[in-house]
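Take a look at the letters that make up each chain.
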Amino acid sequence: MSSALTDLFPHPIVQAPMAGGVSVPQLAAAVSEAGGLGFLAAGYKTADGMYQEIKQLRGLSGRPFGVNLFMPQPEYADPAAVDVYAHQLAGEAAWYETELGDRDSGRDDGYDAKLAVLLDNPVPVVSFHFGVPNGEVLEALRRAGTFTLVTATTPDEALAVERAGADAVIAQGVEAGGHQGTHRDVPESDGAGLGLLSLVGQIRETVRIPVVAAGGLMRGSQIAAVLAAGASAAQLGTAFLATPESGAADLHKQALTNPLFVRTELTRAFSGRPARGLVNRFMREHGPYAPAAYPEVHHLTAPLRKAAAKAKDAQGMALWAGQGHRMARALPAGQLVEVLAAELADATTALSSFRTPGGELR
């Protein structure tokens, strides 16, 4: 990987930006201080809210960190389908004694205002989700001294990332928790995502820029596997979700290893875009009928999710989690980075023992 990025953090461990209040400054600071790359999630925040978190993080750590932005979404949702879904959710609103949210609360997530802040007050790393920024944006960030990454879920998307001028691509496998960072939301492709190892290999043969691997990674040995497959670093989200510094609700943290939640699925039930979470009642009842309508559905269900969390009802919450959730460890974030780095070193040593001095496998 370009030394412009690897010089920023000693361990090839990136804490994934998890929107919705999970990736708080305390978490990012702890990860960065331990030698990984901590990340703030600007998604669903105002530009000023993002700026205040950046200021807070800088007060906690002088180490490099990143900020993640959501790309503005095109208007291709079917209003009639959203109307039908709102009608189906009326019972949920009555149950939680709340109102459905305003589906028209905005599509661009304050993108331009956030970019302006990041250009006026540059941070070391900025990543993008749900699409590719134009070349002018990437070049402006580069001139400001910011390293840029963009999520891709297919080799073709990775090629678009490279052509736009990003410094590196985040290869997000279908195992990943939370929203898939597909560049176009095509319902016909639901469930057809590539597994991480296959995706990393294909992307490495498609583009020349460095690859950061993301999706279901929970152990240092898994990090070793993606590095062996050609990635230069690994991005982990669910692994950091259970840490004390994470801003996730306690109920969400506990659910990761609760035997009541045995598997994950990709669903549109909570946001209108495919996102992986623990299967609960809300997902089972509404997932099959949720339309491809992001962020309309996200805005629509926001009060329901908030009310469910307030009522401590995990069956109505969006319990985002990757496929490796059962392996979650409730360690302090800094200690988790150290444990992952030690596991990575052990796995690398074990792998080298299978090679001859010439590099061939024994």
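Refer to the structure printed above.
What counts as what
Residues numbered from 1 in each chain as written. Predicted model: local features only at pLDDT ≥ 70, side-chain atom pairs only at ≥ 80, totals over all residues. Heavy atoms only, no water. Buried < 20%, exposed > 50% of the residue type's maximum accessible area, 1.4 Å probe, protein only. Helix = DSSP H or I, 4+ residues; strand = E, 2+ residues; numbered from the N terminus. Pairing = 2+ DSSP bridges. Arc of directions from axis to C-beta. Contact = heavy atoms within 4.5 Å. Polar contact = N/O pair within 3.5 Å; in protein donor to acceptor, adjacent residues only side chain to side chain. Salt bridge = Lys/Arg side-chain N within 4 Å of Asp/Glu carboxyl O. Phe/Tyr/Trp six-rings, centres within 6.5 Å; stacked < 30°, edge-to-face > 60°.

Q: Help me understand the pairing of strand β5 (residues 147-152) in this model?
A: When a strand is regular, its side chains alternate between the sheet's two faces. Among the six residues of β5, six are classified as buried, and the element is accordingly described as predominantly covered. Of the two faces of β5, the one holding Phe-147, Leu-149 and Thr-151 and the one holding Thr-148, Val-150 and Ala-152 are both buried throughout. Here strand β4 (residues 125-129) runs beside β5; their pairing, made up of four bridges, is parallel. Counted as the bridge partner of Val-126 is Thr-148 from β5.

Q: Before we go on, may I ask you to explain helix α4 (residues 79-88) in this structure?
A: Along an α-helix, a turn takes 3.6 residues, which lines up residues three or four apart on a common side. Within α4, the full set of buried residues consists of Val-82, Tyr-85 and Ala-86. Summarising the axial view, the buried residues of α4 lie within an arc of 105 degrees, below the 170-degree limit, and thus occupy one face. Those residues of α4 that are buried lie in contact with α5 (90-95), α13 (281-286) and α14 (296-310). A side-chain oxygen of the first residue of α4 lies 3.1 Å from the backbone nitrogen of Ala-80; this N-cap is Asp-78.

Q: Even after reading the chapter, I still don't get the pattern of salt bridges, so can you show me in this structure?
A: Charged atoms that come close allow side chains of opposite charge to pair. For the structure on display, the rule yields 13 salt bridges. A salt bridge links Asp-190 to Arg-268; its shortest N-O distance comes to 2.9 Å. A residue pair is termed long-range when its members are at least 10 positions apart, and Asp-190 in the loop between β7 (178-179) and α9 (196-204) and Arg-268 in the loop between β10 (264-267) and β11 (275-278) qualify at 78 residues. Of the residues examined, Asp-190 reaches a relative accessible area of 39% and is grouped as partly exposed. Arg-329 is paired through a salt bridge with Glu-343; the nearest N and O atoms lie 2.7 Å apart. With Arg-329 in the loop between α14 and α15 (333-352) and Glu-343 in helix α15, this residue pair connects regions lying 14 residues apart in the sequence. A residue is classified by how much of its surface remains accessible, and Glu-343, at 21% relative accessible area, is partly exposed. Among the charged side chains, a network of salt bridges with common partners joins Glu-139, Arg-142, Arg-143 and Asp-167.

Q: Teacher, can you tell me more about the packing of aromatic side chains here?
A: The relative placement of two aromatic rings is captured by the distance of their centres and the angle of their planes. The final tally for this structure, using the stated rule, is six aromatic pairs. Ring centres 4.7 Å apart and planes at 20 degrees place the aromatic pair Phe-270 and Phe-282 in the stacked group. In this pair, Phe-270 sits in the loop between β10 and β11 while Phe-282 sits in helix α13, placing the two residues 12 residues apart along the sequence. Classification of Phe-282 by relative accessible area gives buried; the value is 1%. Pairing Phe-270 with Trp-320 gives two aromatic rings, centres 5.7 Å apart and planes at 85 degrees, and the pair type is edge-to-face.

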